[in-house]
Amino acid sequence: MERVFGNYGESYAMSPECCNQILKRNPGSIASVATDESGKFKHLCVAYKCSLDGFKNGCRPILGLDGCFLKGKYGGMCLSIMSLDANNGLFPIAIFLCRKENKDNWTEFLRIMAPYLKLHPRTLTLISDREKGLISAVETNFSDVNHHHKYCFRHMYKNFKRYHSGKHLEALAWNAARSYVKEDHDIEISKMRDLRPEAVDYLHKEDSAQWGRAFFDTSSSCEHITSNFCEAFNAWILDIRGLPLCKFLEKYHLMVTRFWDVTGIPCEHAINAFFFNKNADWKELLDEYHFVAKYRETYEGMVGPMDNESKWKKKEDIEHRVSPPPFEPQKGRPRT
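Residues numbered from 1 in each chain as written. Predicted model: local features only at pLDDT ≥ 70, side-chain atom pairs only at ≥ 80, totals over all residues. Heavy atoms only, no water.

Enquirer: Quick question: what am I supposed to make of the packing of aromatic side chains here?
Expert: To describe a pair of aromatic rings, you give the distance between the ring centres and the angle between the ring planes. With the rule as written, the count across this model stands at 13 aromatic pairs. Taken together, a centroid distance of 5.8 Å and an interplanar angle of 55 degrees make the contact between Phe233 and Trp236 tilted. Remark: Trp236 and Phe233 occur in helix 11 (residues 228-236); sequence separation between them is three residues, near one turn of the helix. Overall, Phe233 belongs to the buried group, its relative accessible area being 0%. A residue is classified by how much of its surface remains accessible, and Trp236, at 28% relative accessible area, is partly exposed. Three or more aromatic residues joined by ring pairs make a cluster, and in this case those are Phe153, Tyr157, Phe160, Tyr163, Trp174, Tyr202 and Trp211. The ring of Phe216 carries the charged tip of Lys150 above its face, separated from the ring centre by 3.8 Å. (Phe/Tyr/Trp six-rings, centres within 6.5 Å; stacked < 30°, edge-to-face > 60°. Helix = DSSP H or I, 4+ residues; strand = E, 2+ residues; numbered from the N terminus. Buried < 20%, exposed > 50% of the residue type's maximum accessible area, 1.4 Å probe, protein only. Lys NZ or Arg CZ within 6 Å of the ring centre and 35° of its normal.)

Structure (structure tokens):
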């Protein structure tokens, strides 16, 4: 790997220059690297200005928070903040490369990003797996604004089935979470209570508004009950997660494309009402995120190219010295 993509350790030393190259062609972006007191790599954050502006101007006010493992010599994590565009397409906002996924790193990542995310004109809805200090990190950085924190039901169900397994209970739990109407939700919960009352008590340890679609705030214009769209991003960067740090950033830079699809339409009842009312204005049936104008506002920016590495500063000329993090052998059978 190092013969093809370069030395892993030297890549950390070049990370400040890599951040400079991102900022050179993308003014107003975020690209910063931090070290601990001994000069060892701590974390690196990247968010392009076009992504920050696109989220504020055209994306739905939904933020998916997730993390995935890096597979290079020094391991680490890639934390990410994703959104959805007007067409429900994946919209990357920011990445945060760090040693571990924990409360401190999520708090720092959100501290950096919160001032920009709060510029969205609507109430923010965050969705996460609620692990690794996320609940505390969200509360610390967003307590000053009205927001909603939804929990990924896929992760909730994984914990639920440890204590309440069975195909029928699984169907009832997912039906309750997916129901759009409170009455339908209550019917599924009632069936579950008849079958196993303690299963209902387990689900209700969390507020229904944090996992049940029937109770979601409508300002997000988003029906997602899982963070699967974040997992799509993790899969998107799968092939570059084993690269040295700067090579990862270069590849990620090239991969930030803006072509997604999947659209939304009003429900059948609204369509029927529209056809029976000749004076109805069809624009009143649709949220603003269903209009082309909103989609254009999301993608009116662009990501500027980075210079070829031959034009970068040499390692010995970089003032901010960054050394690799402590080497921690990966658990499990060594890969060949």
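Enquirer: For this particular structure, what's the right way to read the nonpolar core?
Expert: Side chains that are nonpolar tend, in soluble globular proteins, to be buried together. Core analysis: the largest hydrophobic core is formed by 43 residues, its most contacted members being Ile237, Phe248 and Tyr252. Once residues within four sequence positions are removed from consideration, Tyr252 is found in contact with Tyr48, Pro92, Ile95, Phe233, Trp236, Ile237 and Ile240. With 30 residues, the next largest nonpolar core counts Cys59, Ala94, Cys98 and Ile112 among its residues. (Core = buried A, V, L, I, M, F, W, Y, C linked by side-chain atoms within 4.5 Å. Contact = heavy atoms within 4.5 Å.)

Enquirer: Is there a simple way to think about the confidence of the model for the protein chain in this case?
Expert: The predicted coordinates ought not to be read in detail in places where the model reports low pLDDT. With 85% of its residues at a pLDDT of 70 or more, the protein chain shows a mean pLDDT of 86. Confidence drops under pLDDT 50 across residues 257-277; counting only partners more than four residues distant or on other chains, this segment forms 30 contacts. (pLDDT = per-residue confidence, 0-100.)

Enquirer: I keep staring at the packing of helix 3 (residues 15-25) against helix 12 (residues 245-255) and nothing clicks. Help me out?
Expert: To characterise two packed helices, one gives the angle between the axes of the helices and the distance between these axes. Interaxial distance between helix 3 and helix 12 falls to 9 Å at its minimum, and their mutual angle equals 15 degrees. Here helix 3 is positioned roughly parallel relative to helix 12, judged by the angle of their axes. Our pair here, helix 3 against helix 12, has a crossing hand that is right-handed. Within the contact between the two elements, helix 3 uses Ser15, Cys18 and Ile22 and helix 12 uses Leu245, Cys246, Leu249 and His253. Here the contact of helix 3 with helix 12 is composed, by residue class, of five nonpolar, two polar and no charged. (Axes fitted to C-alpha atoms, helices over the stretch in contact; angles between N-to-C directions. Parallel < 35°, antiparallel > 145°, perpendicular 65-115°, else oblique. Left-handed = near helix turned anticlockwise from the far one by under 90°. Nonpolar A, V, L, I, M, F, W, Y, C, P; charged D, E, K, R; others polar.)

Enquirer: Is there a simple way to think about the sheet that holds strand 7 (residues 147-151) in this case?
Expert: Sheet strands line up and pair through hydrogen bonds in the backbone, either parallel or antiparallel. Strand order in the open sheet made by the seven strands is 1-2-5-4-3-6-7, with mixed pairing throughout. Each of the sheet's edge strands pairs with one partner strand only, and the pair in question is strand 1 (30-35) and strand 7. Shown here is a sheet whose adjacent strand axes are inclined to one another by a mean of 20 degrees, direction ignored. In the packing of helix 11 onto the sheet, contacts are made with strand 3 (62-69), strand 4 (77-84), strand 5 (90-98) and strand 6 (124-128), and the angle to strand 3 comes to roughly 40 degrees. Against the sheet, helix 12 makes contact with strand 2 (41-47), strand 4 and strand 5, and its axis sits at roughly 170 degrees relative to strand 5, the strand it touches most. (Pairing = 2+ DSSP bridges.)

Enquirer: How should the pairing of strand 6 be read in this particular structure?
Expert: Looking down a regular strand, the side chains alternate between one sheet face and the other. Taken across its five residues, strand 6 has five buried, putting it largely inside the fold. Pairing analysis gives five bridges linking strand 6 to strand 7, with the strands arranged parallel. Residue Leu124 lies in a different strand from strand 7, and its bridge partner there is His147.

Enquirer: Would you mind showing me how to read helix 6 (residues 134-142) here?
Expert: Those residues of helix 6 that fall on the buried side of the exposure criterion are Leu134, Ala137, Val138, Asn141 and Phe142. Viewed end-on, helix 6 has its buried residues packed into an arc of 100 degrees, placing them on one side of the element. Tucked into the core, helix 6 has its buried residues touching strand 3, helix 5 (103-117), strand 6 and strand 7. (Arc of directions from axis to C-beta.)

Enquirer: Please explain the side chain of Glu17 as it appears in this structure.
Expert: Among the secondary structure elements, Glu17 is positioned in helix 3. Buried and without a salt bridge, Glu17 has Lys313 as its closest oppositely charged side chain, separated by 4.9 Å. Residues within four places of Glu17 in sequence aside, it is in contact with Trp312, Lys313 and Ile318. (Lys, Arg positive; Asp, Glu negative; His and termini not counted. Salt bridge = Lys/Arg side-chain N within 4 Å of Asp/Glu carboxyl O.)

Enquirer: Even after reading the chapter, I still don't get the pattern of salt bridges, so can you show me in this structure?
Expert: Where charged atoms of side chains with opposite charge meet at close range, the side chains can pair. Scanning the entire structure with this criterion turns up twelve salt bridges. Across the salt bridge formed by Glu188 and Lys191, the nearest N and O atoms sit 3.9 Å from each other. With Glu188 and Lys191 both in helix 9 (residues 182-195) and three residues apart, the pair spans about one turn of that helix. According to the relative accessible area criterion, Glu188 is buried, its value standing at 12%. Looking at Lys191, the relative accessible area reads 42%, which means it is partly exposed.

Enquirer: What is the right way to look at the environment of Ser128 in this model?
Expert: The residue Ser128 is located in strand 6 in this model. Since its relative accessible area comes to 0%, Ser128 is described here as buried. Measuring from C-alpha to C-alpha, the distance between Ser128 and Leu65 comes to 5.1 Å, with 63 residues separating the pair along the chain. Not counting chain neighbours up to four residues away, the residues in contact with Ser128 comprise Leu65, Leu134, His149, Lys150, Tyr151 and Cys152. Separated by 2.8 Å, the side chains of Ser128 and His149 make a polar contact. (Polar contact = N/O pair within 3.5 Å; in protein donor to acceptor, adjacent residues only side chain to side chain.)

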